[in-house]
Amino acid sequence: MAGFWMIRAGEGGHLFDVFEREGVVAIGWVDAGDLSPFTSLEQIRDRVATAYPEMKPGAIASSASMVYKFRAVIDRGDKVITYDPEKREYLLGTINGDYQYRADLLQGHPNTRKAQWDSRLSRDDLSTASKNTLGSTLTVFEPGDSVLSDVQEVLRGKRGPASEAEEEEQEEEFEIILRDTLSRSHEFIKDRILSLDPDEMETLVAALLRALGYKTRVTPKGPDQGRDVVASPDGLGFQNPRVVAEVKHRARESMGAEKIRGFVGGLRGGDRGLYVSTGGFTREARYEAERATVPVTLVDSDYLASLVAEHYEGFDSEGRSLVPLKKVYWPMS
């Protein structure tokens, strides 16, 4: 059965017109040289690792996978699609040539295959699900049969204006994609937070409190009587509310009721308690915090990731250096 591939036309689609004019698809990885002698994934992985010693293992594996697919998996007769983001148009065609190393054809993209381009279509005519799949930034990947069917249906002219039911379905798909993106983002932020060491975790909690408008002090190392971070409006603890934070960075250890009782016992009138445990809390610990006479907030790793994302705009450079994040805008429905 013929395959179906997306092959991106260089950074920002700048080779789109060249792909069409020359009847080719091409990828980079210039330093890997001519790949003609290599037919296995292991050989190509070794070649990429040797050519790019600065690459991290994950990047090597990802690059090798795409290069291998282009070199050895894609076959004559496979369908291929590429994209011009400026014109918001796709080219659909068929691979009709074997792998060739041609350093003379496309500067920076010497790994080529011949392609017969048959059709153009607008991104606007595709379903939300197809747009999402084709939006992947990978250089080489398989969009799947459902995307190919959608593309071919558009080209056959069978896709008329979307009905109200179809528009609602596409809106629902759009919201599903958004929720999935937010969920992935949240987990990646949590991964980054959990990679911090205990000292960095205390510094992150102090940065979060500063983002909330407090001035903070991280206590010196040693016995701290459950006070890793102290925050207050004046920074000296004279003005209320004074926030006393205990930070336990033990990813596989849930804090129990005894720890919370000990923490609460060290608070004084007017204090607010903040107990951060990346390993979470037992049910008894949460009950202990709820019945405490002094306000106590328990923060596990999940809640901490949400707080960091929510208040990141107010983080200073010290906090941002611990958990570097990039803002992503999403269109409103």
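To be clear, the structure that these remarks concern was listed above.
Not measured: the values here are computed from a predicted model.

**Section: the pattern of salt bridges**
Side chains that differ in sign of charge can pair as their charged atoms come close.
Inference 1: Enumeration over the complete set of coordinates arrives at 20 salt bridges.
Inference 2: The partner of Asp-271 in a salt bridge is Arg-242, and the shortest N-O contact between them spans 2.8 Å. Taken together, the residues span a long stretch of sequence, with Asp-271 in strand β11 (residues 271-277) and Arg-242 in strand β10 (residues 242-248) at a distance of 29 residues.
Inference 3: Its relative accessible area of 1% is what places Asp-271 among the buried residues.
Inference 4: A relative accessible area of 7% places Arg-242 in the buried class.
Inference 5: For Glu-253, the salt bridge goes to Arg-250, with nearest N and O atoms at 3.5 Å.
Inference 6: One network of salt bridges, in which partners are shared, links Glu-20, Glu-89 and Arg-120.

**Some remarks on the packing of aromatic side chains**
Inference 1: Counted according to the given criterion, the structure contains five aromatic pairs.
Inference 2: Ring geometry for Tyr-275 against Phe-281: centres 5.9 Å apart, planes inclined by 75°, an arrangement best described as edge-to-face.
Inference 3: By relative accessible area, which is 10% here, Phe-281 ends up buried.
Inference 4: Among the aromatic residues, those joined into a cluster by ring pairs are Phe-263, Tyr-275 and Phe-281.
Inference 5: In this structure, Arg-113 is placed above the aromatic ring of Phe-70, and the distance from its NZ or CZ to the ring centre is 6.0 Å.

**Regarding the nonpolar core**
Inference 1: Core analysis: the largest hydrophobic core is formed by 33 residues, its most contacted members being Ile-7, Phe-19, Val-25 and Phe-70.
Inference 2: Broken down by secondary-structure element, the contributors of at least two residues to this core are β1 (4-7), α1 (16-22), β2 (24-27), α2 (41-51), α3 (57-73), β4 (89-95) and β6 (111-122).
Inference 3: In terms of residues, this core owes the most to one element, α3, which gives five residues.
Inference 4: Leave out the neighbours within four places in its chain, and Phe-19 touches Ile-7, Arg-8, Ala-9, Val-24, Val-25, Ala-26, Thr-82, Leu-106 and Trp-117.
Inference 5: Listed in part, the 26 residues of the second largest apolar core include Ala-206, Leu-209, Val-247 and Leu-307.

**Examining helix α5 (residues 145-155)**
Inference 1: Among the residues making up α5, those that are buried are Val-147, Leu-148, Asp-150, Val-151 and Val-154. Here the buried residues of α5 occupy an arc of 160° about the axis, which is enough to place them on one side.
Inference 2: Looking at the buried positions of α5, the neighbouring elements they touch are β1, β3 (79-84), β4, β6 and α4 (128-134).

**A word on the pairing of β4**
Inference 1: Of all seven residues that make up β4, six are buried, and the element is covered over most of its length.
Inference 2: Strand direction decides the pairing type here: β3 and β4, joined by six bridges, are antiparallel. In the strand pairing of β4, Val-80 is matched with Gly-93.
Inference 3: Counting the residues between successive antiparallel strands, the hairpin from β3 to β4 contains four residues, one of them, Arg-88, with a positive phi of roughly 55°.

**Regarding the side chain of Asp-150**
Inference 1: Structurally, the position occupied by Asp-150 is in helix α5.
Inference 2: In this structure the side chain of Asp-150 is engaged in a polar contact, spanning 2.7 Å, whose partner is the side chain of Ser-130.

**A few points about α2**
Inference 1: Considered for burial, the residues of α2 that qualify are Ile-44, Val-48 and Ala-51. Each buried residue of α2 lies within a common arc of 70° when the element is viewed along its axis, so the set occupies one face. Opposite its buried face, α2 presents the exposed residues Asp-46 and Thr-50, each directed more than 90 degrees away.
Inference 2: Buried residues belonging to α2 abut α3.

**Considerations on the environment of Arg-156**
Inference 1: Secondary-structure assignment places Arg-156 in the loop between α5 and α6 (164-194).
Inference 2: Looking at Arg-156, the relative accessible area reads 52%, which means it is exposed.
Inference 3: When the C-alpha atoms of Arg-156 and Met-332 are compared, they prove to be 31 Å apart, with 176 residues separating the residues in sequence.

**Here we look at the packing of α2 against α3**
Inference 1: For the pair α2 and α3, interaxial distance at closest approach is 9 Å and the crossing angle is 125°. On the basis of the axis angle, α2 is oblique to α3. In this structure, the crossing between α2 and α3 has a hand that is right-handed. Where α2 abuts α3, its residues Leu-41, Ile-44, Arg-45, Val-48 and Ala-49 lie against Ile-60, Ser-63, Ala-64, Ser-65, Val-67, Tyr-68 and Arg-71.
Inference 2: Tallied by class, the residues present in the contact of α2 with α3 amount to eight nonpolar, two polar and two charged.

**Examining the pairing of β10**
Side-chain direction in a regular strand flips from residue to residue, so the side chains alternate between the two faces of the sheet.
Inference 1: In terms of burial, β10 is largely enclosed, as seven of its seven residues are buried.
Inference 2: By the bridge criterion, three bridges tie strand β9 (residues 229-232) to β10 in an arrangement that is antiparallel. The partner of Val-229 across the bridge, within β10, is Ala-245.
Inference 3: Taken together, the seven bridges between β10 and β11 define a ladder with parallel strand orientation. Following the sheet pairing, Val-243 is matched in β11 by Arg-272.

Calculation criteria
- The numbering scheme is per chain: residues are counted from 1 as the chain's sequence reads.
- Where local features are concerned, this predicted model is filtered to residues with pLDDT of at least 70; where side-chain atom pairs are given and counted, the filter is 80 or more; whole-chain, interface and lining totals use all residues.
- The side-chain values count all of the structure's non-hydrogen atoms but skip hydrogen atoms and water molecules.
- For this document, the term salt bridge refers to a Lys or Arg side-chain nitrogen within 4 Å of an Asp or Glu carboxyl oxygen.
- A run of DSSP states H or I qualifies as a helix once it reaches four residues; a run of E qualifies as a strand once it reaches two. Both are numbered from the N-terminal end.
- Buried means the residue's accessible area, taken with a 1.4 Å probe over protein chains only, is under 20% of the maximum for its type, while exposed means over 50%, and partly exposed covers the values in between.
- Geometry of aromatic contacts follows a simple scheme: Phe, Tyr and Trp rings, the Trp one being its six-membered ring, pair when their centres are within 6.5 Å, and the pair is stacked under 30 degrees between planes, edge-to-face over 60, tilted otherwise.
- Two thresholds decide whether a charge sits over a ring: the Lys NZ or Arg CZ must be within 6 Å of the ring centre and within 35 degrees of the ring normal.
- Each nonpolar core is a collection of buried residues, namely Ala, Val, Leu, Ile, Met, Phe, Trp, Tyr and Cys, held together in the definition by side-chain atoms within 4.5 Å.
- A contact between two residues is defined here by any heavy atoms of the two lying within 4.5 Å.
- The arc refers to the directions leading from the helix axis to the C-beta atoms.
- In this analysis, strands are considered paired if DSSP registers two or more bridges between them.
- Polar contact is the term for a pair of N or O atoms within 3.5 Å; when the atoms are in protein, one must be able to donate a hydrogen and the other to accept it, and sequence-neighboring residues count only if both atoms are side-chain atoms.
- Helix axes are fitted to C-alpha atoms over the stretch in contact, other axes to C-alpha atoms as well, and angles between N-to-C directions run from 0 to 180 degrees.
- By definition in this entry, angles of less than 35 degrees are roughly parallel, angles greater than 145 are roughly antiparallel, angles of 65 to 115 are roughly perpendicular, and the rest are oblique.
- When the near helix sits turned anticlockwise from the far one by under a right angle, the crossing is termed left-handed; a clockwise turn instead gives a right-handed crossing.
- Side-chain classes follow a simple rule in which Ala, Val, Leu, Ile, Met, Phe, Trp, Tyr, Cys and Pro form the nonpolar group, Asp, Glu, Lys and Arg form the charged group, and the remainder, Gly included, forms the polar group.

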